[in-house]
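Each chain, letter by letter, is given below.
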Amino acid sequence: MTGVREAVVSGAAALDGHAGYAGWSPADLATRVVIDAVRNAGLEAAAIDAVYAGDPLVERHSDFSAVVAQQLGIQPRAGGTVARGGATGVSLLAIATQAIAAGHIDHAVCVWADNRRSAARGAAVQTLAGEIAWHERACGPLPATQYALITHLYMQRFGATPEQFAAVPVVFRSHAALNPAARHRDPINIADVLDSPMVSSPIHRLECALVTDFAGAVVVSRDGGAPGPSVRISGVGQSTTHDNLTAGGDLIEQLVTGAAHTGQTAFRQAGTSAADVDLAMLYDCFPIAVALQLEMFGFCGRGEALELVDAGTLSRGGPLPCNTHGGMMSCATSGMLHVVEAVLQLRGEAGAHQLERRPARALVHGNGGVFSTHATVILEA
Amino acid sequence: MLKLTDNSPASYWAGCAQGALRLSRCEDCQSVQMLGTQHCSTCWSAELAVIEAQLTGTLVADSVVHRAPRAELESLTPYRIGVVKLDAGPYLQIWVGDPRDDVDHGRGAPAAVTISFVSVNGCTYPVAVHRPPS
């Protein structure tokens, strides 16, 4: 087996998605949550020899990881800032895991924090829309439009209906209802989703990721190096297929994404398969992302993902509980919180939303851009 | 040696203003791609020529946008955006129909389209127009 299995997650922490940290900079958020994660791991600051940080959207720094390290008062031997869109959180874990497997470091903190709601209210979506390629953004697409176009292709190819897509946020809202940290906890049904304002057809407002402040951090350690309960990292995978939508030929023509590669890589390293996963933390910026991930990882066949939702497979009591914290449409922005939630569920420490049947193996995936960047990690209790 | 052709985004928009869709064609492997880069993404050649593409293609997907990302587009909402597979090769993401008109909810993808041009807020943009059945 590969050296990847030498790495474990020894600590994890997240800040509430609904608190609204007005006045806190991304570095403040990151510092707070790293302190919590390092304490959760039972480590001292001096033990941390790498800081890997997600690039915040609302501030520019030459290297945000250096800002965080300085605020923590540490001088790590390795680190860097990662900007891979929604894949950033899981990519941080993959990079730290590979650094440990290579023998470069013993304890890394991986942190992604941003104050997209309190500091950039109304501007976050504009900023993301401004990152669309020059020849595409001229006609005014939203980030949601990019996913709406792929949703339309999926509907054409597989005959999926708006009602089937609307069932995705309904399931995740039912999970958020049990999570005190979730921003939206009131139950919703399919009619509520379809009655919410259309943003970019066929995507409605309740099918869009929230724009919130967020902060999540994990400590990745060499196995045996931290005193507390740990979760083994048994496989990681990363891929990049394109940048802007119209350069994604496989995506447009085949509805195939880089998750197919990251899933195969991570499963191969872990010596396991989709059939052995009992918790899925899938990047859920829009329902189509969830559908394609389920298919790319082999949880179902092509065109069958939304049938899994209909069948209750992704619900808390189903065979593959998914996004048990409520996900990005109900809990908070950021794929980093998917990582933290998986760690807590595997350790049996998720509190009010802990699954009754504690999972043994989780798949966590991040997806950035327009299905452009991907990162997958397999975690085992 | 880079060719002294204007391969910039500005050239693309200048072409639109003249009713032409300028794209980049690799003189080594003949791949066609958008303007704005100095190397062929298929073979890495720097021998790129600017061409005026055939104005036909297929609308493969579309979406009606109800909230504009920029203030200058707010008066146009809702407008339809689509992905067009040009017969020349590349995909475009452009308006479907004149964005100043009411959205035609009855005509979506897939469909054969012609690329036309409209001027909005002082700039000329390519738009996809449904081709009548032959």
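Quick notes on the rules
Residues numbered from 1 in each chain as written. Chains lettered and ligands numbered in written order. Predicted model: local features only at pLDDT ≥ 70, side-chain atom pairs only at ≥ 80, totals over all residues. Heavy atoms only, no water. Pairing = 2+ DSSP bridges. Helix = DSSP H or I, 4+ residues; strand = E, 2+ residues; numbered from the N terminus. Axes fitted to C-alpha atoms, helices over the stretch in contact; angles between N-to-C directions. Salt bridge = Lys/Arg side-chain N within 4 Å of Asp/Glu carboxyl O. Buried < 20%, exposed > 50% of the residue type's maximum accessible area, 1.4 Å probe, protein only. Contact = heavy atoms within 4.5 Å. Buried area = accessible area lost by both parts, 1.4 Å probe. Nonpolar A, V, L, I, M, F, W, Y, C, P; charged D, E, K, R; others polar.

Caption draft 1: Structural view of the sheet that holds strand S9 (residues 279-281) of chain A. Residue and element names in this part refer to chain A. Spatial strand order, S3-S2-S4-S7-S1-S8-S11-S10-S9: nine strands in an open sheet with mixed pairing. Both outer strands of the open sheet, strand S3 (78-82) and S9, are each paired with one neighbouring strand and no more. Neighbouring strand axes in the sheet, compared pairwise and without regard to direction, differ in orientation by 25 degrees on average. In this sheet, strand S7 (residues 213-222) lies alongside strand S1 (residues 7-14) in antiparallel orientation, the contact comprising seven bridges. Note that in S7 the partner of alanine 12 across the bridge is valine 218.

Caption draft 2: Local environment of the pattern of salt bridges. Counted by the stated rule, this structure contains 14 salt bridges over all chains. When the shortest N-O distance is used, the salt bridge between B:Asp62 and B:Arg80 registers 2.5 Å. Residue B:Asp62 is located in strand S4 (residues 56-65), and its partner B:Arg80 is located in strand S5 (residues 79-86); the two are separated by 18 residues in the primary sequence. B:Arg80 matches B:Asp62 in its accessibility class, with the two residues each being buried. Between B:Arg100 and B:Asp98 there is a salt bridge whose closest N-O contact spans 2.8 Å. Classification of B:Arg100 by relative accessible area gives partly exposed; the value is 48%. When salt bridges that share partners are traced, they join A:Arg5, A:Arg361 and A:Glu380 into one network.

Caption draft 3: Representation of the interface of chain B and chain A within the structure. Listed as interface residues are 30 residues of chain B and, on the opposing side, 26 residues of chain A. When chain B packs against chain A, close to 2400 Å² is buried across both sides, 61% of that on carbon and sulfur atoms. The three residues of chain B that bury the most area against chain A are B:Pro69, B:Tyr91 and B:Gln93, which together make up 30% of that side's buried surface. Linking chain B with chain A are zero salt bridges, by the criterion used here. Breaking the side of chain B that touches chain A down by element, the ones donating at least two residues are helix H1 (9-17), S4, S5 and strand S6 (91-96) of chain B. If you tally residues by element for the side of chain B that touches chain A, the top one is S4(B), at six residues. Taken together, the residues of the side of chain B that touches chain A break down into 22 nonpolar, four polar and four charged.

Caption draft 4: Seen up close, unusual backbone geometry. Of note, the bond from A:Ser201 into A:Pro202 is cis; its omega dihedral lies within 30 degrees of zero at 5 degrees. For the peptide bond that leads from B:Thr77 to B:Pro78, omega is -10 degrees, which places it in the cis range. Positioned with a positive phi, B:Trp44 is a non-glycine residue whose angle comes to about 70 degrees. By the secondary structure assignment, B:Trp44 is in the loop between strand S2 (32-33) and strand S3 (48-52). For B:Trp44, a relative accessible area of 72% translates into the label exposed. Despite not being glycine, B:Asn121 shows a phi value in the positive range, around 50 degrees. Position of B:Asn121 among the secondary structure elements: in the loop between strand S7 (111-120) and strand S8 (123-130).

Structural measurements only, silent on function.
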